[in-house]
Amino acid sequence: MSTKRVLSGIQPTSDSFHLGNYLGAVKQWVELQDGHDAFYCIVDLHALTVETDPALMRKRTLVSAAQLLALGISPEKSTLFVQSHVPEHNQLAWVMECITGFGEASRMTQFKDRSAKGGTDSTKVGVFTYPMLMAADILLYQADLVPVGEDQRQHIELTRDLAERFNSRYGATFNIPSGFILKQGAKIYDLQNPTAKMSKSSDSVSGLIEILDSPEINAKKIKSAVTDAGREIKFDEKEKPGVSNLLTIHSALSGQKISDLENHFSGKGYGDLKGEVADVVVEYLKPIREKTLELLSDEAHLLAMLSKGAAKAHEVSSTTLAKTYSNLGLVR
């Protein structure tokens, strides 16, 4: 049986990944490297749909690459590259735009949400065409599986529709990918608002556990986390969301079962829980932070690794694009 190809991407839109990014996506990317032909992409072109500071974009792209490597993405097992290093992404995106209906694109949730919030005049055309670029990202590599969150399911469906449409009109060209909705692992919530998902779009960074924050900052954030009425330390997401979130974080990083942690903290107070969770988080993230900073300190080496990844990606993407152009009747 041939190895299935996996493709996924992450935007370089923050100075650090947070714990939710890691446990919700990247940890599973690392696991998928074994037994799959994995392509992982820093999708910098997708990040252009919001106002961009060039110096910050460059810095965040390198920081994202260094963190992926420090978190366990291996250049030996996977192809890690930057989207803009492979020009075929834009070239195939135009083909995808030319076979997508206006109504079809208008129904995409991201465009609907952004244009409803800010009005169509201030919503960039890139937000409208973003799903076609995402389809190109996937189809270029003839991916079998696309690990994404539930919120991206609609984009995967569009990708499948476009691939099938192209194949039926112009001949077999693209593999039809399957969405691989990431298994519901540990769901991590904001430390200050434990009913909201930990997210870089939250109002304050005080609720985020950021991988590149210093151990002191992360320990302080955890010790200032919102808890609940009462003193009992038990897992109850409805009545005790703050305590439940801290127990989930401890369990996800220490590997201990939540039921065992409830027994362990029996008769202890919230201060004990926060102190121990802080220790677990600091201990877990310390080597990852150190490895990231080490990779960033040798930019030439980091860029060389990304260049090697782009060359491997180009081998596959250029073959797909050549076949696409040929099937469209574009003169070679």
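No experiment lies behind these values; they were computed from the predicted model shown.

Overview of the environment of isoleucine 233
In step 1: Its place among the elements puts isoleucine 233 in the loop between helix 8 (215-223) and helix 9 (241-254).
In step 2: With a relative accessible area of 6%, isoleucine 233 lands in the buried category.
In step 3: C-alpha of isoleucine 233 to C-alpha of arginine 165: the two residues are 68 residues apart in sequence and 54 Å apart in space.
In step 4: Excluding residues that lie within four positions of it along the chain, isoleucine 233 makes contacts with Val243, Leu247, Glu262, Phe265, Lys268, Gly269, Tyr270 and Leu273.

Here's the deal with the UniProt feature "binding site: L-tryptophan" (unreviewed entry) in the protein
In step 1: Taken from the UniProt record, the annotation "binding site: L-tryptophan" (unreviewed entry) applies to Asp137.
In step 2: Secondary-structure assignment places aspartate 137 in helix 6 (residues 125-140).
In step 3: With residues up to four places along the chain from it excluded, the contact list for aspartate 137 reads Leu7, Val43, His46, Gln83 and His89.
In step 4: Of the polar contacts made by the side chain of aspartate 137, one reaches the side chain of histidine 46; its length is 2.7 Å.

A look at the nonpolar core
It is characteristic of soluble globular proteins that their nonpolar side chains tend to be buried jointly.
In step 1: Counting 55 residues, the largest nonpolar core has Leu68, Ile209 and Ile249 as the members making the most contacts within it.
In step 2: If one sorts the elements of this core by residue count, helix 11 (residues 270-297) sits on top with 9 residues.
In step 3: No fewer than three residues from each of domain 1 (5-185 + 299-328) and domain 2 (205-293) sit in this core.
In step 4: Contacts of isoleucine 209, omitting those with residues within four sequence positions, involve Phe17, His18, Leu19, Leu191, Met198, Asn218, Ile222, Ile249, Val281 and Leu285.

Considering the domain arrangement of the protein
In step 1: You can read the domains of the protein as domain 1 (5-185 + 299-328) and domain 2 (205-293).
In step 2: A straight line from the C-alpha centre of domain 1 to that of domain 2 covers 32 Å.
In step 3: With 13 residues of domain 1 in contact, the opposing surface of domain 2 contributes 12 residues.
In step 4: Interface of domain 1 and domain 2: buried area, both sides summed, is about 1100 Å²; carbon and sulfur atoms make up 76% of it.

Structural notes on the pattern of salt bridges
In step 1: With the rule as written, the count across this model stands at 10 salt bridges.
In step 2: Between aspartate 37 and arginine 5 there is a salt bridge, with the nearest N and O atoms lying 2.9 Å from each other. Placement of aspartate 37 in strand 2 (residues 37-42) and of arginine 5 in strand 1 (residues 5-10) is noted, with a sequence separation of 32 residues between them.
In step 3: Using a relative accessible area of 28% as the deciding quantity, one classes aspartate 37 as partly exposed.
In step 4: The partner of glutamate 104 in a salt bridge is arginine 165, with the nearest N and O atoms 2.7 Å apart.

Quick look at helix 1 (residues 19-32)
In step 1: Given a rise of 1.5 Å per residue, 14 residues ought to cover 20 Å, and the 19 Å separating the end C-alpha atoms of helix 1 matches this to within 8%.
In step 2: Alanine 25 marks where helix 1 bends most, by close to 35°.
In step 3: Counting buried residues along helix 1, 11 of its 14 residues qualify, which places the element largely inside the surrounding structure.
In step 4: Among the residues of helix 1, Leu19, Gly20, Asn21, Tyr22, Leu23, Ala25, Val26, Gln28, Trp29, Val30 and Leu32 are the ones counted as buried.

Observations regarding the pairing of strand 4 (residues 145-148)
In step 1: Burial along strand 4 is two-sided: Leu145 and Pro147 facing one way and Val146 and Val148 facing the other are all buried.
In step 2: With 4 bridges joining them, strand 4 and strand 5 (residues 178-181) adopt parallel strand pairing. Directly across from leucine 145, in strand 5, lies its bridge partner serine 178.
In step 3: With respect to chirality, the unit in which strand 4 leads through helix 7 (residues 153-170) into the neighbouring parallel strand 5 is right-handed.

Things to note about empty space enclosed by the protein
In step 1: This model, assessed by the stated rule, comprises 1 cavity of 30 Å³ or more.
In step 2: Size it by volume and the largest cavity reaches roughly 60 Å³.
In step 3: If you go around the largest cavity, the residues you meet are Ile211, Asp213, Ser214, Pro215, Asn218, Val281, Val282, Leu285, Lys286 and Arg289.
In step 4: For the lining of the largest cavity, the secondary structure elements donating two or more residues are helix 8 and helix 11.
In step 5: Within the lining of the largest cavity, the residues separate by chemical class into 5 nonpolar, 2 polar and 3 charged.

Here's the deal with the packing of helix 3 (residues 88-98) against helix 12 (residues 299-328)
In step 1: Interhelical geometry of helix 3 versus helix 12 gives an angle of 30° and a closest axis separation of 10 Å. Between helix 3 and helix 12, the interaxial angle falls into the category roughly parallel. Note on packing geometry: the crossing formed by helix 3 with helix 12 is left-handed. Side by side, helix 3 and helix 12 meet where Glu88, Gln91, Leu92 and Val95 of the first sit next to His314, Ser317, Ser318, Leu321, Thr324, Tyr325 and Leu328 of the second.
In step 2: Split into classes, the residues belonging to the contact of helix 3 with helix 12 amount to 5 nonpolar, 5 polar and 1 charged.

Rules used in this analysis
- Residues numbered from 1 in each chain as written.
- Predicted model: local features only at pLDDT ≥ 70, side-chain atom pairs only at ≥ 80, totals over all residues.
- Heavy atoms only, no water.
- Helix = DSSP H or I, 4+ residues; strand = E, 2+ residues; numbered from the N terminus.
- Buried < 20%, exposed > 50% of the residue type's maximum accessible area, 1.4 Å probe, protein only.
- Contact = heavy atoms within 4.5 Å.
- UniProt positions renumbered as here; feature names shortened; annotations may be inferred.
- Polar contact = N/O pair within 3.5 Å; in protein donor to acceptor, adjacent residues only side chain to side chain.
- Core = buried A, V, L, I, M, F, W, Y, C linked by side-chain atoms within 4.5 Å.
- Domains from an automatic or database assignment.
- Buried area = accessible area lost by both parts, 1.4 Å probe.
- Salt bridge = Lys/Arg side-chain N within 4 Å of Asp/Glu carboxyl O.
- Expected span 1.5 Å × (residues − 1).
- Bend = angle between axes of the 7 residues up to and from the residue.
- Pairing = 2+ DSSP bridges.
- Right-handed = clockwise from strand over helix to strand, strands pointing away.
- 1 Å grid on protein atoms, 1.4 Å probe; cavity = no way out; pocket = protein on both sides within 12 Å on 5 of 7 lines; lining within 4 Å.
- Points joined across faces, edges and corners; volume = space filled by probe spheres on them.
- Nonpolar A, V, L, I, M, F, W, Y, C, P; charged D, E, K, R; others polar.
- Axes fitted to C-alpha atoms, helices over the stretch in contact; angles between N-to-C directions.
- Parallel < 35°, antiparallel > 145°, perpendicular 65-115°, else oblique.
- Left-handed = near helix turned anticlockwise from the far one by under 90°.

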